[in-house]
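Survey of secondary and tertiary structure
As a plain string of letters, each chain reads:
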Amino acid sequence: MMLSNDAVNILIYYVLSGISIVLAIPFFYIITFHSPSALHLYRNTILNLTIWYYLAVSINGILIQLLFTRHEGQLCGKYVGLASYFGPAAVFACVIICTISCTNAGVSMLICFVFRYVQISNRSLPTYFQWFKPSTLCIILHVMSSLIAGFWTYVFISRTYFFEIYGILHACFDERNYSTAVVISSVAAGCIALASTLIFCLVLMTIKVLRSAKAFMTKQTYRLQLLLTVNLVVLMVSPFVFTGVPLAFNSFCIYCQVIGI
């Protein structure tokens, strides 16, 4: 018996969420208990990033599970995760928390690369940043990003046309709220593009500094520092795998339905 497209997508969500949880356990253990004391700042930034990231992945992959569908000729999204069994309010709450977690994961990622570059290059943060302790600065950034993400999610929820079909919450955009969708999508895409550009530049700068300082490091130290940077890049790319694969497969299924395959 073949599974439906929705069933396959739900299965993919659960499988990837399970894999992420399995990977998270040893990762947390190694980073927490086996990181050198000299890298405590780097360890803390990595843990901060990982907590936000796995929170977002778990909520999205288990509680929300957004799938695309077509309703009366419109492309809509439906929420089929566990939160859907507790009503629209639970779905809205999960969407808000997930959006805040995703935003803070992005902020944490940027913080990781900034502190990574500062540590490798032996530079110091600008004077106006030195007024705050690193932990205080991170808290300020997270609070600001949480407020902004929460506001934009509220705008999205308040302007989107929601309805239920067989107890499943659907979200659609039509001509009445199309402009809102465009604005929110543009802002999100712009922020992601800007953050990605900054991170890419920081990666290149970090690798450049590492190579220039290679002569002053032992081979083992250089390899360790390079691996730490590469691991951070891998950690940055992994969200696109765990979140993007289900959505990409679902989009492909919708495309096949549209063209009649």
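Before going into details, it helps to say that this report is about the structure given with it. On a predicted model such as this, the values are computed, not experimentally measured, just so you know.

1. Here's the deal with the overall build of the protein chain
- Within the protein chain, the secondary structure is distributed over six helices and four strands.
- For the protein chain, with 261 residues in total, the buried portion stands at 38%.

2. What to know about helix H3 (residues 88-121)
- An ideal rise of 1.5 Å per residue puts 50 Å on 34 residues; H3 measures up with 49 Å between its terminal C-alpha atoms.
- At the exit of H3 stands Asn122, carrying a positive phi of roughly 60°.

3. Some remarks on the nonpolar core
- Among the nonpolar cores identified, the biggest contains 20 residues, and Ile46, Leu49, Met109, Phe113, Ile199 and Leu232 are the most heavily contacted of them.
- Those elements that provide at least two residues to this core are helix H2 (40-64), H3, helix H5 (178-212) and helix H6 (219-259).
- If we skip the residues at most four places from it in the chain, Ile46 touches Phe27, Ile31, Cys112, Leu232 and Leu235.
- In this structure, Ile64, Phe156, Phe162 and Ala171 belong to the second largest nonpolar core, which totals 15 residues.

4. Let's talk about the state of the cysteines
- Taken as a whole and judged by the stated rule, the model has one disulfide.
- One disulfide bridge connects Cys76 with Cys172, the sulfur atoms lying 1.7 Å from each other. Because the torsion about its S-S bond is 105°, the bridge between Cys76 and Cys172 counts as right-handed. With a gap of 96 residues between them, Cys76 in strand E2 (residues 74-79) and Cys172 in strand E4 (residues 168-172) connect regions that are remote in the sequence. A single burial state applies to Cys76 and to Cys172, both of which are buried.
- Summary of cysteine pairing: Cys98 is not part of a disulfide, and the nearest cysteine sulfur, belonging to Cys102, is at 4.1 Å.
- Here Cys98 falls in the buried class, since its relative accessible area comes to 7%.

5. Notes on the side chain of Ser145
- Along the chain, Ser145 turns up in helix H4 (residues 134-159).
- A relative accessible area of 8% means that Ser145 is categorised as buried.
- Apart from the residues within four sequence positions on either side, Ser145 is in contact with Thr103, Asn104 and Val107.

6. Quick word on the pairing of E4
- The buried fraction of E4 is high, at four of five residues.
- Relative to E4, E2 runs antiparallel, the two sharing four bridges. Note on E4: the bridge partner recorded for Lys78 is His170.
- Of the pairings in the sheet, the one linking strand E3 (residues 161-165) to E4 comprises five bridges and is antiparallel in character.

7. Examining the side chain of Ser84
- By the secondary structure assignment, Ser84 is in the loop between E2 and H3.
- A polar contact is formed between the side chain of Ser84 and the backbone oxygen of Gly81, at a distance of 2.5 Å.
- Ignoring anything within four residues of it in the chain, the contact list for Ser84 reads Leu63, Tyr79, Val91, Gly167 and Ile168.

Cut-offs used in this document
- Residues numbered from 1 in each chain as written.
- Predicted model: local features only at pLDDT ≥ 70, side-chain atom pairs only at ≥ 80, totals over all residues.
- Heavy atoms only, no water.
- Helix = DSSP H or I, 4+ residues; strand = E, 2+ residues; numbered from the N terminus.
- Buried < 20%, exposed > 50% of the residue type's maximum accessible area, 1.4 Å probe, protein only.
- Expected span 1.5 Å × (residues − 1).
- Core = buried A, V, L, I, M, F, W, Y, C linked by side-chain atoms within 4.5 Å.
- Contact = heavy atoms within 4.5 Å.
- Disulfide = S-S within 2.5 Å.
- Pairing = 2+ DSSP bridges.
- Polar contact = N/O pair within 3.5 Å; in protein donor to acceptor, adjacent residues only side chain to side chain.

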